[in-house]
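# Summary of structural features
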Amino acid sequence: MKVTFWGTRGSIATASPETIGFGGDTSCVAISGEDPEHVVILDAGTGIRRLGDVLNGRVRRIDLLLSHLHLDHIVGLGFFAPLFWADASVTIWAPPATTPLLDRLGRYLSPPLFPVRLRDLSCELELRDASMEPVVRGAFTITAAPIIHPDTAVGYRIEAGGRVLAYLPDHEPALSPSFPSEPEWTSGAAIASEADMLVHDAQYTPDEYRERVGWGHSSVLDSVAFAELTGARSLLLFHHDPWHDDGRVEQMARDAQRASRGVTVTAARQRYTLTVGA
């Protein structure tokens, strides 16, 4: 299972010389396996545009897993090239809600916010609620679970070839009643349990977090504590704050690794590809 980061930034895209090292596009992660015609994609931030260009017609089956529908996680959707390929099959998964997903996504993909409607897309499109029970999609087994974040949001657990990737890009486990102990009472713990790779929200320094409790994001040290609590083997710091330049992100990663008691910690970099469990 190979993981490529196409967008690592949170809240709003920040393309500038100061963010080129870790990336300025918002959340988008691609997961590939042995089947070259199938890809799983996590979120549709601005990074999904470049991903669509790279796929270049060779991928025909796409499962796009949306963690939630905040704008920074769906803003790239209308610029994702495979949606306009007649021979592509795209399934979009999102957190269940009382309003159908077609209506929720349609608020963005329709005039006056966007000139193309969902019904005008060329691909074979299916919209589904994220499943809280394991679902097999090609070589991947995918499970979702609700997590702490404003509005409806889920984390995803993707398993393939005996390896586990956990993805919780916008998450505030510190609001759980017993954090950082008792995983059974901690938001997202079941999704991240014993993961080979945990991609987790680490938007704030501890000082920044104290002024932003309840915003739905984590301090870098809370991300480390969550990884240790759940038994994750490696932690990829994600959803970098738009006001953090490369130097700040690098320092946060060093602070996180020093605080870790056994978890390997790095900051996710845009356009980097990693093998889960390597």
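In this numbering scheme, every chain counts its residues from 1 along its sequence in written order. In keeping with the model being predicted, local features are shown solely for residues with a pLDDT of at least 70 and side-chain atom pairs are shown and tallied solely at 80 or more, while totals for entire chains, interfaces and linings include all residues. Side-chain measures were taken over the full set of non-hydrogen atoms in the model, leaving aside hydrogen atoms and water.

Right, let's get into the overall build of the protein. Runs of H or I in DSSP of at least four residues are treated as helices and runs of E of at least two as strands, each being numbered from the N terminus. A count of helical and extended segments in the protein gives six helices and 14 strands. To get the radius of gyration, use the C-alpha atoms; to get the globule rule, take the number of residues to the power 0.38 and multiply by 2.2 Å. Expected size for 278 residues packed as a compact globule is a radius of gyration near 19 Å; at 17 Å, the protein falls within 12% of this value. Across its three principal axes, the protein shows a C-alpha extent of roughly 50 × 40 × 35 Å. Working definition: with a 1.4 Å probe on protein chains only, accessible area under 20% of the residue-type maximum means buried, over 50% means exposed, and in between means partly exposed. Of all 278 residues assigned to the protein, the portion counted as buried reaches 56%. Contacts were defined at the residue level, with two residues in contact if any of their heavy atoms lie within 4.5 Å. When contacts within the protein are restricted to residue pairs at least 6 apart in sequence, those whose partners lie at least 24 apart make up 67%.

Salt bridge, as applied in this entry: a Lys or Arg side-chain nitrogen positioned within 4 Å of an Asp or Glu carboxyl oxygen. Tallied over the entire structure, the rule returns 16 salt bridges. The network of salt bridges with shared partners includes Arg 163, Glu 194, Asp 196 and Arg 233.

With that out of the way, let us pick up the side chain of Asp 63. Along the polypeptide, Asp 63 turns up in strand 4 (residues 61–65). Whenever two N or O atoms come within 3.5 Å, that pair is a polar contact, provided that in protein one can donate a hydrogen and the other can accept it, and provided that, for residues adjacent in sequence, both atoms are side-chain atoms. Side-chain polar atoms of Asp 63 contact the side chain of Arg 137, separated by 2.8 Å. Setting aside chain neighbours within four positions, we find Asp 63 in contact with His 38, Val 39, Val 40, Ile 41, Thr 91, Trp 93 and Arg 137.

Judged by pairing direction, the sheet is mixed, and its seven strands sit side by side in the order 6-5-4-3-2-1-14 without closing on themselves. Taken across any chain shown, the strands that pair with only one partner, and hence form the sheet edges, are strand 6 (124–129) and strand 14 (273–275). On average, each strand axis in the sheet is tilted by 20° relative to the strand beside it, whichever way the strands run. Here, strands pair whenever DSSP counts at least two bridges between them. What counts as an axis is a line fitted to C-alpha atoms, over the stretch in contact for a helix, and the angles between N-to-C directions run from 0 to 180 degrees.

Assignment of secondary structure puts Leu 175 in the loop between strand 10 (163–168) and helix 3 (189–192). Overall, the relative accessible area of 41% leaves Leu 175 in the partly exposed class.

This part covers the sheet that holds strand 13 (residues 264–267). Strand order in the open sheet formed by seven strands is 7-8-9-10-11-12-13, with mixed pairing between adjacent strands. Of all the strands in the sheet, the pair left with one neighbour each is strand 7 (135–137) and strand 13. On average, each strand axis in the sheet is inclined to that of its neighbour by 20°, with strand direction left out of account. Bridge analysis of strand 7 against strand 8 (residues 140–146) gives three bridges, and the strand direction is antiparallel. In the sheet register, Arg 137 faces strand 8, and the bridge partner there is Phe 140. Strands in contact with helix 6 (residues 246–259) are strand 12 (234–238) and strand 13; relative to strand 13, the strand with the most contacts, it is inclined by about 175°.

What follows deals with the packing of aromatic side chains. Only the six-membered ring of Trp is used, alongside the rings of Phe and Tyr, when aromatic pairs are assigned; centres must lie within 6.5 Å, and planes under 30 degrees apart are stacked while those over 60 apart are edge-to-face, with the rest tilted. With the rule as written, the count across this model stands at four aromatic pairs. A ring pair is formed by Tyr 167 and Phe 238, whose centres lie 5.8 Å apart and whose planes are at 65°; its orientation type is edge-to-face. Placement of the pair is Tyr 167 in strand 10 and Phe 238 in strand 12, with a sequence separation of 71 residues. Assigned by exposure class, Tyr 167 and Phe 238 land together as buried. Counting every residue linked through ring pairs, the aromatic cluster contains Phe 5, Tyr 167 and Phe 238. By definition, being over a ring means that NZ of Lys or CZ of Arg is both within 6 Å of the ring centre and within 35 degrees of the ring normal. Over the ring of Tyr 204 we find Arg 212; its NZ or CZ atom is 5.3 Å from the centre of that ring. For the cation-ring pair, Arg 269 lies above Phe 22, with the distance from its terminal atom to the ring centre recorded as 4.1 Å.

This paragraph deals with the nonpolar core. By convention a nonpolar core is built from buried Ala, Val, Leu, Ile, Met, Phe, Trp, Tyr and Cys residues, the set being connected through side-chain atoms within 4.5 Å. Judged by nonpolar contacts, the single largest core of 30 residues is most densely connected at Ile 41 and Leu 77. When residues of this core are traced back to their parent elements, those giving at least two are strand 2 (28–32), strand 3 (38–42), helix 1 (48–55), strand 4, strand 5 (89–94) and helix 2 (101–106). Those residues within four positions of Leu 77 in sequence are excluded, and the remaining contacts are Ala 44, Ile 48, Leu 64, Leu 83, Ile 92, Leu 105, Tyr 108 and Leu 109. Counting 29 residues, the second-largest nonpolar core is a separate cluster that includes Val 220, Ala 225, Phe 226 and Ala 256.

A few words on the packing of helix 5 (residues 220–230) against helix 6. In helix packing, the relevant descriptors are the interaxial angle and the interaxial distance, both defined with respect to the helix axes. Two elements in contact, helix 5 and helix 6, have axes whose closest approach is 9 Å; the angle formed by their N-to-C orientations is 40°. Accordingly, the angle class assigned to the pair helix 5 and helix 6 is oblique. Seen from above, helix 5 lies across helix 6 with right-handed handedness. Where helix 5 abuts helix 6, its residues Val 220, Leu 221, Val 224 and Glu 228 lie against Met 252, Asp 255, Ala 256 and Ala 259. Between 65 and 115 degrees an angle is taken as roughly perpendicular, under 35 as roughly parallel, over 145 as roughly antiparallel, and anywhere else as oblique. Handedness of a helix crossing follows the sense of rotation of the near helix relative to the far helix, less than a right angle counterclockwise being left-handed and clockwise being right-handed.

This part takes up the pairing of strand 5. Counted residue by residue, strand 5 has five buried out of six residues, so it is predominantly covered. Inspection of the sheet shows strand 5 paired to strand 6 by six bridges, in the parallel sense. Among the inter-strand pairings, Trp 93 is bridged to a residue of strand 6, identified as Arg 128. With the strands pointing away from the viewer, any crossover whose connection runs clockwise from the first strand over the helix to the second is right-handed. At this point the chain moves from strand 5, through helix 2, to the parallel strand 6, and the crossover so formed is right-handed.

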